[in-house]
Amino acid sequence: MEKFTYLSKTKLNDLPKAPGVYALSSQKTVLYIGKAANLKERVKNHFMQPTYRDDLFIQDVKKIGYIKTESDIDALLLESQLIKKQQPRYNVMWKDDKKYFYVAITKETLPRIFLTHQPALQKQSLKTPKSRLEKIKYIGPFIEGKAIKQVLRLLRKVFPYYTAKNHGALLCQYCHLNLCPGPTPNKEMYKKNIRNLVSVLKGKKTSVQKQLKKEMESTAKSQDFEKAAELRDQFLSLESIISHARLLAPEVSPSVNWIIIEKDLKKLFSIKKRITRIEAYDISNIQGKEATGSQVTFLKGIPAKEHYRNYKIHITGKPNDFAMMEELLLRRLLHKEWPYPQIIVIDGGKGQLTSAINATLNISAAKKIKIVALAKKQNELFFPGKSKSVLLRDLPRPSENLFLHIRDEAHRFAITYHRLLHRKKVLKTN
Ligand SMILES: [Zn+2]
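Residues numbered from 1 in each chain as written. Predicted model: local features only at pLDDT ≥ 70, side-chain atom pairs only at ≥ 80, totals over all residues.

### What about unusual backbone geometry?
Trans peptide bonds make up most of the peptide bonds, and negative phi angles are found at most residues other than glycine. Residues Gly-140 and Pro-141 are joined by a peptide bond in cis, for which omega reads 5 degrees. Following the sequence through the fold, Pro-141 ends up in strand 7 (residues 136-142). One non-glycine residue, Lys-300, lies in the positive phi region at around 45 degrees. Along the chain, the position of Lys-300 falls in the loop between strand 9 (289-299) and strand 10 (302-303). Its 18 C-beta neighbours within 10 Å are what place Lys-300 among the partly exposed residues. (Helix = DSSP H or I, 4+ residues; strand = E, 2+ residues; numbered from the N terminus. Buried ≥ 20, exposed ≤ 12 C-beta atoms within 10 Å, placed from the backbone.)

Written out as structure tokens, the structure is:
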């Protein structure tokens, strides 16, 4: 198998703009493997607009490995191979919730092919008889169901196969699309097609092409021109499918991504002017003692750490989340020398939302700021004056990711400060 070419994470601009597979690595281990239509843009996005998942490991990335491929399909197939072989921690971690796909090949006289989830889970199920499992071979995992479905469909044109047992005597709907070998296929030919298909899925496209070419030449020599023409068509359509299929979404730069998000946010918050600054507030306390508040700031969707702030909450007495939120917001808004954000995201539900709005009422310039509460438990947003919440997962994907990023960043920052204060206090009392 091909090997990664590595470069330091300070040299992102040296990455090729070609399709391929990349590895984000610490000094010693591969943390994450991904594929891209444009390696340079995709890898840069991990750093410039990390998703909340990227944040789990992006600081540990020291170098980037890449393998250029000729096409999107090659990248997709190679990604699958490499993830299976190397089992990077941050790919494996998400395996369950992503429902990876596998291509299943039955071990029958005329093998059938279909897509399936998680063969490992099926194996654990008692309902599946052991004998049946041993008769299926799996290739995968494939990360994106949509892409592998497309690939299988394209390859089925080159190497027609059955998906169901017992083909009837008549032509089926797939026969008419040239995807099915018909009621009475030549068994040897059928099996050879399956072998070739499996090889292509395993990333051995080149050897399949070589073999087809060789066969084509020898059949032509033996004057079997009809067969030779068939093989030539197969050879050419395999080549054209692999090099022309566009399966991977093109990468967008952070600035383009922000244009998309800004448009969605304007609609969501009914904002007409430009959105450039979002701030988020989180309160961290242990039974009301030593409560601290934190502010994180995102500029055009990207964390701006120089604008993060910590606050020690002053009000004392019984723990009161609402009063603390009001104090925190009021103290921030009194800093009129810091530009006001267009949107404020606060941690909490309806109660915290009311407190935050109360804080803005005292300052006329702050009244325009749109405030939303993000309740972490269900990942839902509460808007002023609306009784129904909006679930993050119902937002367009780029906006959902931004809110998740903001949420995690605010929480992480709040906890760090809280621990720091607590540690100082422990040192003092000792
Ligand atoms: Zn058929």
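### Description of helix 13 (residues 321-333)
Along its 13 residues, helix 13 runs 18 Å from first to last C-alpha, staying within 8% of the 18 Å computed at 1.5 Å per residue. Of all the residues in helix 13, the buried ones are Met-324, Met-325, Glu-326, Glu-327, Leu-328, Leu-329 and Arg-332. (Expected span 1.5 Å × (residues − 1).)

### A look at the nonpolar core
Membership of the largest hydrophobic core comes to 49 residues, with the highest contact counts inside it found for Tyr-22, Leu-76 and Val-151. Among the elements that make up this core, the one with the highest residue count is helix 2 (residues 72-86) (seven residues). Counting residues domain by domain, this core receives three or more from each of domain 1 (5-93) and domain 2 (98-244). Setting aside residues up to four positions removed in sequence, Val-151 forms contacts with Ile-73, Leu-76 and Leu-247. (Core = buried A, V, L, I, M, F, W, Y, C linked by C-beta atoms within 7 Å. Domains from an automatic or database assignment. Contact = placed C-beta atoms within 7 Å.)

### Focus: the sheet that holds strand 3 (residues 30-36)
Read across the sheet, four strands follow the order 1-4-2-3 without closing on themselves; strand pairing throughout is antiparallel. Bordering the open sheet on either side are strand 1 (5-8) and strand 3, each of which pairs with just one other strand. Geometrically, the sheet is characterised by an average inter-axis angle of 25 degrees between neighbouring strands, direction not taken into account. As judged from the six bridges shared by strand 2 (residues 20-25) and strand 4 (residues 63-68), these two strands associate in the antiparallel manner. Within strand 4, the residue paired with Tyr-22 across the bridge is Tyr-66. Packing against the sheet, helix 1 (residues 39-48) makes contact with strand 2, strand 3 and strand 4, and its axis sits at approximately 30 degrees to strand 2. Running over the sheet, helix 2 touches strand 2, strand 3 and strand 4 and is turned about 165 degrees from strand 3. (Pairing = 2+ DSSP bridges. Axes fitted to C-alpha atoms, helices over the stretch in contact; angles between N-to-C directions.)

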